[in-house]
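As a plain string of letters, each chain reads:
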Amino acid sequence: MIGVQASEAIRAELARRPRGWLGIPVQRWRRITQAGFFILFIVAPIFDIFRLDLNLGHLIFFGFDWTLGLDGYAEGRITTAEATLNIVLRGFLPLVAVAGTILFAGWKWGRLYCGWLCPHFSVVETLNQTLRRAIGKQSLWDKKLQPERNPDGSVTQRDAIWWFGVVPLTIGFAMLWAVVLLTYLLTPAEVYGNIFHGTLTRNQTIFLSAASIVFFIEFMFARHLFCRYGCAVGLFQSLAWMGNDKAMVIGFSRERARDCASCNSACDNVCPMRLNPRNVKRMMFACVQCGQCVDACDHTQAANPDGALLNWVHDLRAESEAAFNARAARAAHAARPACGSTRVEA
């Protein structure tokens with residue numbers, strides 16, 4: 001009996017231990033990588049790390065001019081074969097390398113770039129949480145209010161005063177994105193200098209005004225829709241991920257589904273993409289592998305000696321999760337008490 005109690009105590013302690021690396025929780029690591037990449041997104045054109053200069057007509061990469069090397073062909077200094085080789089080496093192969101890297105990462109780990117690096121998704125999550133403080137929902141289109149109590153025990157109360165944060169924040173992000181995108185196309189010193197001195201050209205004014213309006217509409221009303229279906233990078237990552245049954249995925253211990261009876265659907269509430277993490281893989285097409293559902297399950301099941309019901313899985317366990325069909329999932333869902341229910345069956 002003592003051995004059994006000790007084993008349960010060890011499992012309970014492991015369940016309460018936060019997931020992470022080097023003693024830093026997963027979500028803090030994610031915030032660090034998101035913040036770092038967002039800063040890189042802003043400063044990359046300033047330091048000529050990467051941008052397309054429309055005035056020069058070519059890319060700039062780490063301070064060097066990146067051209068296809070076709071000027072020599074136009075001037076008759078190189079042959080057609082050499083020009084073709086330049087196109088392959090300087091254009092086609094780098095494009096394939098970048099696209100291949102992103103697709104391979106998506107094939108193996110899912111939309112990891114979206115959840116851990118993407119500067120657009122950083123904005124999505126920031127606005128989600130600010131809007132939740134204003135109306136109790138992470139999206140204007142959510143049908144139900146979220147519980148005020150968070151999985152970690154803290155409380156987020158709804159207060160309309162936060163609209164004075166939501167609207168300016170959305171406008172600010174929209175304008176920031178418009179300006180930064182323009183610096184990827186024109187010399188950053190020119191763009192920032194014209195803004196500072198109020199001497200923007202007509203075309204610059206039109207671009208910044210139109211882009212700011214479009215980004216405001218997207219950030220306020222359609223940010224989740226864009227992430228799911230409008231972003232080519234995210235879409236192709238998801239397609240690659242769905243093609244690999246052994247790819248990393250959020251696995252749900254359906255045999256222990258009754259343990260969800262003590263939970264208020266915390267995993268569903270925290271998902272920034274407004275998905276249902278306990279669903280089958282094919283219904284989680286837009287999952288960004290942020291792990292917030294896993295952390296929520298860790299908190300709500302902290303007292304459970306068997307640990308959380310949601311975990312990142314891969315290889316054989318992921319293959320089993322991918323093979324699980326929607327009909328079986330619905331049958332399992334019907335067989336268990338609804339989340340939040342206190343009903344206990346004999």
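Everything numeric here is computed off the predicted structure, so don't read it as measured data.

### Section: the overall build of the protein
Within the protein, the secondary structure is distributed over 15 helices and 7 strands. The buried share of the protein, reckoned over its 346 residues, is 39%. Here the analysis covers contacts within the protein between residues at least 6 apart in sequence; of these, 71% occur between residues at least 24 apart. Here the protein displays about 19,400 Å² of accessible surface, and carbon together with sulfur accounts for 66% of that area.

### A closer look at helix α2 (residues 26-43)
In a regular helix each residue adds 1.5 Å, so 18 residues correspond to 26 Å; α2 covers 26 Å between its end C-alpha atoms and thus fits that length. When we look at burial in α2, the residues that qualify are Val-26, Gln-27, Arg-30, Gln-34, Phe-38 and Phe-41. End-on, the buried residues of α2 take up no more than an arc of 100°, which puts them together on one face. Turned more than 90 degrees away from the buried face of α2 sit Arg-28 and Ile-39, all of them exposed.

### Details of unusual backbone geometry
In this model, Phe-62 sits at a positive phi of 50°, which is unusual for a non-glycine residue. With respect to the element layout, Phe-62 can be found in the loop between β4 (58-61) and β5 (64-66). Overall, Phe-62 belongs to the exposed group, its relative accessible area being 51%. Look at Arg-274: it is not a glycine, yet its phi comes out positive at around 60°. Among the secondary structure elements, Arg-274 is positioned in the loop between α12 (266-270) and α13 (292-300).

### Focus: the pairing of β4
Sheet topology places strand β3 (residues 50-53) next to β4; 4 bridges connect them, and they run antiparallel. Following the sheet pairing, Leu-52 is matched in β4 by Leu-59. Between β3 and β4, which pair antiparallel one after the other, the connecting turn spans 4 residues, and Gly-57 there sits at a positive phi close to 85°. Hairpin connection from β4 to β5: 2 residues lie between these consecutive antiparallel strands, with Phe-62 at a positive phi of about 50°.

### Thoughts on the packing of α2 against helix α7 (residues 163-183)
Packing of α2 against α7 brings their axes to within 9 Å, and their N-to-C directions diverge by 50°. Considering the angle they form, α2 stands oblique to α7. Note on element contacts: α7 touches α2 through Phe-173, Leu-176, Trp-177, Val-180 and Leu-181, opposite Phe-38, Phe-41 and Ile-42. In terms of residue class, the contact of α2 with α7 is made up of 8 nonpolar, no polar and no charged.

### Notes on the side chain of His-58
Looking at the element boundaries, His-58 is found in strand β4. Exposure remark for His-58: the relative accessible area of 14% places this residue in the buried category. Side chain to side chain, His-58 and Asp-65 meet in a polar contact 3.2 Å long. Residues contacting His-58, with those up to four places away along its chain left out, are Arg-51, Leu-52, Asp-53, Asp-65, Trp-66 and Thr-67.

### Digging into helix α6 (residues 119-135)
Under the 1.5 Å per step criterion, the end-to-end length of α6 is 24 Å for 17 residues, consistent within 8% with the ideal 24 Å. Extensive coverage of α6 is indicated by the burial of 14 of its 17 residues. Residue Gly-136 follows α6 closely and has a positive phi angle near 80°.

### Topic: the confidence of the model for the protein
Do not read the predicted coordinates in detail wherever pLDDT is low. In the predicted model, the protein carries a mean pLDDT of 86, and the fraction of residues at 70 or more is 88%. Ignoring residues within four places in sequence, the model shows residues 1-16, a span with pLDDT below 50, making 12 contacts including any to other chains. Low pLDDT (under 50) marks residues 332-346, which in the prediction has 17 contacts with non-local residues, meaning those over four places away or in another chain.

### Some points on the pattern of salt bridges
All told, the structure shown has 7 salt bridges when counted by the stated rule. In this structure, Arg-274 engages Asp-142 in a salt bridge whose closest nitrogen and oxygen atoms are separated by 3.0 Å. Here Asp-142 lies in the loop between α6 and α7 and Arg-274 lies in the loop between α12 and α13, a separation of 132 residues in the sequence. Each member of the pair, Arg-274 together with Asp-142, is buried. Taken together, the shared-partner salt bridges in this structure form one network comprising Arg-30, Arg-31 and Glu-125.

Cut-offs applied
- Residues numbered from 1 in each chain as written.
- Predicted model: local features only at pLDDT ≥ 70, side-chain atom pairs only at ≥ 80, totals over all residues.
- Heavy atoms only, no water.
- Helix = DSSP H or I, 4+ residues; strand = E, 2+ residues; numbered from the N terminus.
- Buried < 20%, exposed > 50% of the residue type's maximum accessible area, 1.4 Å probe, protein only.
- Contact = heavy atoms within 4.5 Å.
- Areas by Shrake-Rupley, 256 points an atom, 1.4 Å probe, with all protein chains shown as cover.
- Expected span 1.5 Å × (residues − 1).
- Arc of directions from axis to C-beta.
- Pairing = 2+ DSSP bridges.
- Axes fitted to C-alpha atoms, helices over the stretch in contact; angles between N-to-C directions.
- Parallel < 35°, antiparallel > 145°, perpendicular 65-115°, else oblique.
- Nonpolar A, V, L, I, M, F, W, Y, C, P; charged D, E, K, R; others polar.
- Polar contact = N/O pair within 3.5 Å; in protein donor to acceptor, adjacent residues only side chain to side chain.
- pLDDT = per-residue confidence, 0-100.
- Salt bridge = Lys/Arg side-chain N within 4 Å of Asp/Glu carboxyl O.

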